[in-house]
Structures are given as structure tokens and as C-alpha cells.
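# Secondary and tertiary structure notes
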Amino acid sequence: MSGTPANENEQIDSGGPPERDAQYQRHVEIQSFGGGDDAPAGLVSPVPQRSGAEVGSAWLEQFADSPDVLKSTPEHQTVVRVGEVAIGGGEFFTMAGPCSVESERQLMETAEHVARCGARVLRGGAFKPRSSPYAFQGLGLQGLKLLAAARAATGLAVVTEVMSADDAPLVAEYADILQIGSRSMENYALLEAAAHTGRPILLKRGMVATVADLLRSAQCVLSFGNPNVILCERGIRTFETCTRNTFDVAAIVVLKEVSHLPIIADPSHAAGRRSLVPGLARTAVAAGADGLIVEVHPHPEQAWSDGEQSLTFDEFESMMADLAPWCDLRALRNRALEPVA
Ligand code: PEP
Ligand code: MN
């Protein structure tokens, strides 16, 4: 419960767990010294601190519109199963592939390479949301067919973007996971049509969306009867211009704290430059993300879209090798946090 007790020796009952009440009690005791001359050295913070109980209720207010996506207990976690992959199930996983499907050769070579390096899901856009009407808009149905062929050849699951409600049933015939792009996060007719296909939904954060906005859209998908939502932090617009977007690593930490839905990171669209991608990917692992989605191309300089941020095959291979010890650390930490049965 927030507010200062009438008597500083009064026990606080926040309605929360006893450790939290004890923490709040200690906080009140520290505050009651008031920072005066008799304050014990090192105990008093000049900045008033909030107790865990208060922070908990502040989150509830912040995300009041999205009750079904919030954790009901600290251990509450949705696991989205796609074939053999359990997204959110503890194991860190990677989705990788080109920004756009361009040709059979480009896609097949990329799929085989990323599978060899440990990726579990193949990405690739067949319908592309492009900022310029003159830019490549995607191969459409032909692209979907190439994705399905690459899945058959490699065993990778497939994620691809759906841009219009009318296309949702068609895309769902070919893809294992439907991606809702940043520009579509608040297209509610699309969210409804995608949800109704029954396929898991990869919901990317809008580039000017708050975490609460993202959770509201996730809540919509759940309300349309589809519980299998994977959230994705892909960078947001800020005043910073040396990266394409600003990678909001704090959003990953917040989402792990408040939501039971899996959360993955897209360092490619956040960075906009391939040299920055491995560093952001490492940060995502450390922040507790459940996985990554990364752009990879056999010849990024010739890519029809997003070549500057696409990793070469060698770069992807070395990024995956560099991430391995960080993923091991993450697994050790998660095991240590598991409740004792
Ligand atoms: C993409 O994944 O290629 C893409 C267009 O992403 P976003 O919607 O995050 O811009
Ligand atoms: Mn892209």
C-alpha cells in the first residue's frame, strides 16, 4: 500500500509477499531519519525511494488496458510452440534470414547457412512495407512459395510479414509465424485477421509506440482469441541519428518484468548498420530477451532492401559463436532463479 504510515513503527501490510513488506518497512525506517544530522552514514538516500509494493501497483496503472498480457505471478510465462521450437521456454533462439525474399538461390543459400549456424527460424519478407512507393515491394505469393520450399529443405520454421487483413489467410497457409511489422502495430483490422488464422503472431513494436501501446496491441490479439504472441523490440524513433532507431533495451527488461509473453530483439532494424548488430544482440541476451531476429544476406551490398544492416554469412557465423557464452550465462542465471520445487 502506498503512503506513509501514521506511526513509523507501524507494520506495513502491502497485500504483497512478506519480504516485500519487510523491504517497505526498512524503507520507511530509513526515510524517517529524514536526512538530518543524526542520520546513520550511508543509509539515507537524498532521493526518496519507492518500495517494491508501490512500483508493482504503478505498473498495474500503466498497463491497465492490457490485463491479459500481464504476469499473474513472477514465474508466469507463455511458451509459444512452433514445431520443435519453444519460444519463451528458456532456451535462447535465433530467427535469421534476408530482409526480403529475392530469389530461390538467395533464400536457399541463406536458409542453409543460418541453419548450420544454429538459427531455428527463417525470416524473409514476401510482402514488404517500404517507405518509398518506388522501392521493391516484395515477391508476394512467389516469395511465400520460396519460403515454404526453404522450410522443406532445411527444417527451419518460417516467419514472414503480413501487411493486409485480406492477405492473412494466404500468408498463414505458407508461414509458421505471422509477423506484424512496426508500421502495422496499430492496424486493428490486420491484428484481428492475423489472430483469427490461429498462427503465432510476432508483434513488432511501432517505431513511435510506447511499451504500453505495444502491450495494448498484444492484448487485442489475445482478445481476438489468439494467445500465441511474441513481442519484438526493434528500436524506436528518437533525436539520435547515428543509429537507424534507438534500441530500447530497457523495454526488454520492463517487458520481462511485467508480461508473460516472450520478447525477442531485432538488432538489425534498431542499428541500421551491420557493424553494430552483434553488440546490440549481446545486449539483448544480457537484458533477458528470449531470442533474436536478425537480417542476413549472401551479398548485402546487392540486397534489394536493408543491405546496410544485413550481416554477411561470415559475420552471422561469428556473431552466433560470440553469443554462445552469453547464452550459457543466461541459462545458468535462469536456472538459479527457478523456484525450488
Ligand atoms: C522487417 O522485418 O524487414 C521490417 C520491415 O521490420 P520493421 O517492421 O520492424 O521495420
Ligand atoms: Mn528489413
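To keep things clear, this report deals only with the structure shown in the data block. Keep in mind that what you see is a predicted model, and the values were worked out from it rather than measured. (Residues numbered from 1 in each chain as written. Chains lettered and ligands numbered in written order. Predicted model: local features only at pLDDT ≥ 70, side-chain atom pairs only at ≥ 80, totals over all residues. Heavy atoms only, no water.)

### Remarks on the pairing of strand S8 (residues 229-233)
Counted residue by residue, S8 has five buried out of five residues, so it is predominantly covered. Neither face of S8 is exposed, since Val229, Leu231 and Glu233 on one face and Ile230 and Cys232 on the opposite face are all buried. In the sheet, strand S7 (residues 201-204) pairs with S8 via four bridges, with the strands oriented parallel. Counted as the bridge partner of leucine 202 is isoleucine 230 from S8. As judged from the three bridges shared by S8 and strand S9 (residues 263-265), these two strands associate in the parallel manner. Along S9, the bridge assignment pairs glutamate 233 with alanine 265. (Buried < 20%, exposed > 50% of the residue type's maximum accessible area, 1.4 Å probe, protein only. Helix = DSSP H or I, 4+ residues; strand = E, 2+ residues; numbered from the N terminus. Pairing = 2+ DSSP bridges.)

### A look at a nonpolar patch on the surface
Judged by side-chain polarity, Trp326, Leu329 and Leu332 come together as a nonpolar surface patch covering roughly 320 Å² of accessible area. For leucine 329, the location among the structural elements is in helix H11 (residues 313-337). Accessibility expressed as a relative area gives 51% for leucine 329, which makes it exposed. (Patch = residues over 30% accessible without salt bridge, like charges linked within 9 Å, V, L, I, M, F, W, Y side chains within 5 Å. Areas by Shrake-Rupley, 256 points an atom, 1.4 Å probe, with all protein chains shown as cover. Salt bridge = Lys/Arg side-chain N within 4 Å of Asp/Glu carboxyl O.)

### Focus: the sheet that holds S8
Reading around the barrel, the eight strands line up as S3-S4-S5-S6-S7-S8-S9-S10 and close back on themselves, with parallel pairing between neighbours. The sheet shows a mean angle of 25° between the axes of neighbouring strands, taken without regard to direction. (Axes fitted to C-alpha atoms, helices over the stretch in contact; angles between N-to-C directions.)

### Section: the site of ligand 1
Residues in contact with ligand 1, as listed here, are Cys99, Arg123, Lys128, Pro129, Gln179, Gly181, Ser182, Arg183, Lys204, Arg234, His269 and Glu295. Here serine 182 contributes a backbone N or O atom positioned 2.7 Å from an oxygen atom of ligand 1. In the environment of ligand 1, an oxygen atom lies 2.7 Å from a nitrogen or oxygen atom belonging to the side chain of arginine 234. For ligand 1, the accessible surface in isolation is 300 Å², of which the surrounding protein chains cover 97%. In a pocket analysis with a 2 Å cut-off to the grid points, ligand 1 is assigned to the second largest pocket. Among the residues making up the shell around ligand 1, the classes are represented as two nonpolar, four polar and six charged. (Near = heavy atom within 4 Å. Polar contact = N/O pair within 3.5 Å; in protein donor to acceptor, adjacent residues only side chain to side chain. 1 Å grid on protein atoms, 1.4 Å probe; cavity = no way out; pocket = protein on both sides within 12 Å on 5 of 7 lines; lining within 4 Å. Sits in = over half its atoms within 2 Å of the grid points. Nonpolar A, V, L, I, M, F, W, Y, C, P; charged D, E, K, R; others polar.)

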